[in-house]
Amino acid sequence: MLPARYRMTRSTDFGVTVRQGVRAVQPDLVVHALHDGFSDGCDDGPKIGLVVSKSVGSAVQRHRVSRRLRHAAFHLINDEAADLGPRARVVIRALPGSRDAISARLESELRAALKKTRIHKPSRP
């Protein structure tokens, strides 16, 4: 389970991450990452938010996908190779195909997407 201190809860955080972050698309996920994210006063770790819309499926299917994604995100936070700094902000949007994906597949797609976001830096005006 993803501890509360790592969860993104404010809509403004979601909006800033999606607008200013780097996007990486995978078959079952879209990941928006802002690696040197804004400071909201507490840098106690990266913040991760989930977007699992009704297009994914019924409520039971959406909750199942959310649990799997939270589990995958927890592994990333504890993994040094993921290189998520204390100011990193990540929004994970589940696509309809994620309802049939197993946890290992979702975690590998999440890792691949985060690796892509590290390669492509956003251009700042």
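Quick notes on the rules
Residues numbered from 1 in each chain as written. Predicted model: local features only at pLDDT ≥ 70, side-chain atom pairs only at ≥ 80, totals over all residues. Heavy atoms only, no water. UniProt positions renumbered as here; feature names shortened; annotations may be inferred. Helix = DSSP H or I, 4+ residues; strand = E, 2+ residues; numbered from the N terminus. Contact = heavy atoms within 4.5 Å. Areas by Shrake-Rupley, 256 points an atom, 1.4 Å probe, with all protein chains shown as cover. Polar contact = N/O pair within 3.5 Å; in protein donor to acceptor, adjacent residues only side chain to side chain. Buried < 20%, exposed > 50% of the residue type's maximum accessible area, 1.4 Å probe, protein only. Pairing = 2+ DSSP bridges. Salt bridge = Lys/Arg side-chain N within 4 Å of Asp/Glu carboxyl O. Axes fitted to C-alpha atoms, helices over the stretch in contact; angles between N-to-C directions.

- Where an unreviewed UniProt entry is consulted, the protein appears under the name Ribonuclease P protein component, with the organism given as Mycolicibacterium frederiksbergense.
- Note on the protein: under the UniProt heading Function (unreviewed entry), the record states "RNaseP catalyzes the removal of the 5'-leader sequence from pre-tRNA to produce the mature 5'-terminus. It can also cleave other RNA substrates such as 4.5S RNA. The protein component plays an auxiliary but essential role in vivo by binding to the 5'-leader sequence and broadening the substrate specificity of the ribozyme."
- UniProt, in its Subunit (unreviewed entry) section for the protein, records the words "Consists of a catalytic RNA component (M1 or rnpB) and a protein subunit."

1. Topic: the overall build of the protein
Then comes step 1: Counting secondary structure elements, the protein contains three helices and four strands.
Then comes step 2: Each helix and strand of the protein, placed in order from N terminus to C terminus, yields the pattern α-β-β-β-α-β-α.
Then comes step 3: Considering only residue pairs separated by 6 or more positions, the protein has 81% of its internal contacts joining residues 24 or more positions apart.
Then comes step 4: Carbon and sulfur atoms provide 52% of the accessible area of the protein, an area that totals close to 6800 Å².

2. Some words on the side chain of T17
Then comes step 1: Positionally, T17 belongs in helix α1 (residues 11-20).
Then comes step 2: Among the polar contacts made by the side chain of T17, one reaches the main-chain carbonyl oxygen of D13 at a distance of 2.8 Å.

3. Quick notes on the pairing of strand β4 (residues 89-94)
Then comes step 1: Of all six residues that make up β4, five are buried, and the element is covered over most of its length.
Then comes step 2: Direction of pairing for strand β2 (residues 29-34) relative to β4: antiparallel, over a ladder of six bridges. Bridged to L29 within β4 is A94.
Then comes step 3: Pairing of strand β3 (residues 47-51) with β4, which is carried by five bridges, proceeds in the parallel orientation. Its bridge partner lying in β4, G49 is registered against V91.

4. Brief notes about the pattern of salt bridges
Then comes step 1: For the structure shown, the criterion picks out four salt bridges.
Then comes step 2: Between E109 and R105 there is a salt bridge whose closest N-O contact spans 3.1 Å. One end of the pair is E109 and the other is R105, both in helix α3 (residues 103-119) and four residues apart, which spans about a single turn.
Then comes step 3: Assessed through its relative accessible area of 40%, R105 is described here as partly exposed.
Then comes step 4: Among the charged side chains, a network of salt bridges with common partners joins D28, R105 and E109.

5. Section: the sheet that holds β4
Sheets are built from strands paired through backbone hydrogen bonds, the pairs being either parallel or antiparallel.
Then comes step 1: Pairing is mixed in the open sheet, where four strands are placed in the order β1-β2-β4-β3. Two strands bound the open sheet, and with one partner strand each, they are β1 (22-25) and β3. Taken over all neighbouring pairs, the strand axes of this sheet differ in orientation by 15° on average, direction set aside.
Then comes step 2: The strands touched by helix α2 (residues 59-77) are β2, β3 and β4; relative to β3, the strand with the most contacts, the crossing angle is about 160°.

6. With respect to the pairing of β2
Then comes step 1: Across the six residues of β2, six count as buried, placing the element largely inside the fold.
Then comes step 2: On β2, burial covers both faces: L29, V31 and A33 on one face and V30, H32 and L34 on the other are all buried.
Then comes step 3: Count of turn residues in the β1/β2 antiparallel hairpin: three residues.

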